[in-house]
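Chain by chain, the residues:
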Amino acid sequence: MKKLKIQGGHSLRGEIHISGSKNAALSIIAASIMTEERIVLENIPHLEDVTTMIRLIAGMGVSVTLADDNKLILDSSKIRNFLAPYDLVKTMRASILVLGPLIARFGEASVSLPGGCAIGARPVNLHLDGLKAMGADVEINEGYICAKAKKLKGAHFSFSPVSVTGTANLMMAGVMAEGQTILENAATEPEVINLGEFLLKMGAKIKGLGTRKIMIDGVNKLCSTEHKIIPDRIETGTFLVAAAMTKGSVLLKKTQPEHLQSVLDLLRQTGAVIFFEEDTIELTMNLTNIKPADFTTQPYPGIPTDMQAQLMVLNAIAPGNSIVVETIFENRFMHVLELQRMGADISLSGNTAYITGVKKLQSAPVMATDLRASAALVLAGLVADGETHIDRIYHIDRGYECIESKLSLLGAKVARIET
Ligand code: UD1
């Protein structure tokens, strides 16, 4: 069993590069199967979720070549099946992203229905309703979404609530549908824009990217292109919180500050001094006492739900009281129970966490429950007294490239151990 061992009490100092965005890479790899021509993708992060997406499309017959370190070359000219099997979907819900591309190009898809999830119900009803509005026949058979459509037809569809992968899926479907598709209350996350820009380069006709109303004129064919994945704003935010919590000073390179303004504003409220240029962010925390900061998660450009756990740990060591409200997923507080075991003073009521900062967290054996919860435990370990052991770290490998190497470069004492 692999674990992360962290010796707390070391300030993070130095500089690192931020990797490509997990969520942008996943949707863009899925979109690549919409053309029979060659696609080249740059800045692909080395992550378990990316490996899962590659296994998924390779299983359909896509030829995937890893060129240099972070470059993928994809050839989808010989796709032989339209299947996303349960074995892969159960390890990664984002597998649902192949649904739109498959039905758009081949008129057929069989995608395992994602089951339960540690952070909430996470239904995919909007993906399915949108495809039905575009004329697809959608049935659930033996746990699989079976969708068919001779030719998708443009439709007017409104999301409630806003859904990131829902917007991505229906945007990809709309790109090859007959006529116009209008998506209202669409997601404006940078990863959706990055996907849209990729589709535009492939020959799609899309207007309104980054707004709540996306308008798409369907085309018959998409073509070869090259595209660079944007930097990961959640990895960026996680390292910024790590620097703030350990009262350190870090310079993050190859990132995109404009994608995390709400997080930078919140970190400034906690006392961090932040400077940024076009693709770098420098954060220094000089205060002895970090200031607590209330926040509520929101769709972009608000505080991302994917940063909730990490920012909560920062509040957990800030003297004073704070309130965190989670509005996106109903059960995204699994990390709280583990943080309590490390001495955090947090109580829960519905979707709200009430936090009273403690002077010190203590080390403890803890268990990662989902991707961002595991990041929160790493952060807690960095400031805890003693040695923290984090179990089930496969969660962290899904979304953080070389986390222990990057933390070590910044001076943390972190190691991966086999027990
Ligand atoms: C994506 C991100 C994930 C992030 C989340 C919210 C990827 C691969 N994953 O997940 O990291 O935490 O956005 O920013 O990009 N909903 C429905 N019906 C649907 C779809 C969603 O009710 O058909 C609800 C969900 O239950 C949730 C809300 O909409 O309450 C937002 O979910 P959504 O944006 O779809 O999350 P994901 O796209 O799964």
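Preceding this paragraph is the structure being described.
Residues numbered from 1 in each chain as written. Predicted model: local features only at pLDDT ≥ 70, side-chain atom pairs only at ≥ 80, totals over all residues. Heavy atoms only, no water.

S.K.: Please explain the nonpolar core as it appears in this structure.
M.R.: When a protein is soluble and globular, its nonpolar side chains tend to lie buried together. Formed by 75 residues in total, the largest nonpolar core has its most connected members in Val98, Val175 and Leu199. Once residues lying within four places of it in the same chain are set aside, the contact partners of Val175 are Met34, Leu199, Ala204, Ile206, Ile216, Asp217, Gly218, Val219 and Leu222. Counting residues in hydrophobic clusters, the runner-up holds 71 residues, among them Ala242, Leu283, Ala293 and Phe295. (Core = buried A, V, L, I, M, F, W, Y, C linked by side-chain atoms within 4.5 Å. Buried < 20%, exposed > 50% of the residue type's maximum accessible area, 1.4 Å probe, protein only. Contact = heavy atoms within 4.5 Å.)

S.K.: Please explain the sheet that holds strand S17 (residues 281-284) as it appears in this structure.
M.R.: Across a sheet, strands are paired by hydrogen bonds formed along the backbone, either parallel or antiparallel in direction. Spatially, the four strands line up as an open sheet ordered S2-S15-S17-S16, and their pairing is mixed. Edge strands, defined here as strands with exactly one partner in the open sheet, are strand S2 (13-17) and strand S16 (273-276). For this sheet, the mean angle separating the axes of adjacent strands, direction not counted, is 15°. Together, S16 and S17 form the strand contacts of helix H9 (residues 261-269), whose direction differs from that of S16 by roughly 150°. (Pairing = 2+ DSSP bridges. Helix = DSSP H or I, 4+ residues; strand = E, 2+ residues; numbered from the N terminus. Axes fitted to C-alpha atoms, helices over the stretch in contact; angles between N-to-C directions.)

S.K.: Could you clarify how one ought to interpret empty space enclosed by the protein in this entry?
M.R.: Empty pockets left among the atoms are what a rolling probe the size of a water molecule brings to light. Inspection of the entire model under this criterion finds two cavities of 30 Å³ or more. By volume, the largest cavity is sized at about 50 Å³. What lines the largest cavity is simply Thr238, Phe239, Ala242, Ala375, Val378, Leu379, Ile403 and Leu407. Put simply, the parts of the chain that give the lining of the largest cavity at least two residues each are helix H8 (233-245), helix H12 (371-383) and helix H14 (403-409). Quantified by volume, the second largest cavity comes out at close to 30 Å³. Surrounding the second largest cavity, Thr305, Gln308, Ala309, Arg332, His335, Asp370, Arg372 and Ala373 form its lining. (1 Å grid on protein atoms, 1.4 Å probe; cavity = no way out; pocket = protein on both sides within 12 Å on 5 of 7 lines; lining within 4 Å. Points joined across faces, edges and corners; volume = space filled by probe spheres on them.)

S.K.: Help me out: how do you make sense of the site of the ligand in this one?
M.R.: Near the ligand there are 18 residues, and of these Asn125, Ser163, Thr165, Asp306 and Ile328 occur at the shortest range. Note that a nitrogen atom of the ligand is positioned 2.7 Å from one of the side-chain N or O atoms of Asn125. Between the ligand and Ile328, the relevant distance is 2.5 Å, taken from an oxygen atom to a main-chain nitrogen or oxygen of the residue. Protein chains bury 85% of the 730 Å² of accessible surface belonging to the ligand in isolation. Of all elements in the fold, only helix H5 (125-133) and helix H6 (164-175) reach the threshold of two or more residues within the shell around the ligand. Ranked by residue count, the leading element in the shell around the ligand is H5, at three residues. (Near = heavy atom within 4 Å. Polar contact = N/O pair within 3.5 Å; in protein donor to acceptor, adjacent residues only side chain to side chain. Areas by Shrake-Rupley, 256 points an atom, 1.4 Å probe, with all protein chains shown as cover.)

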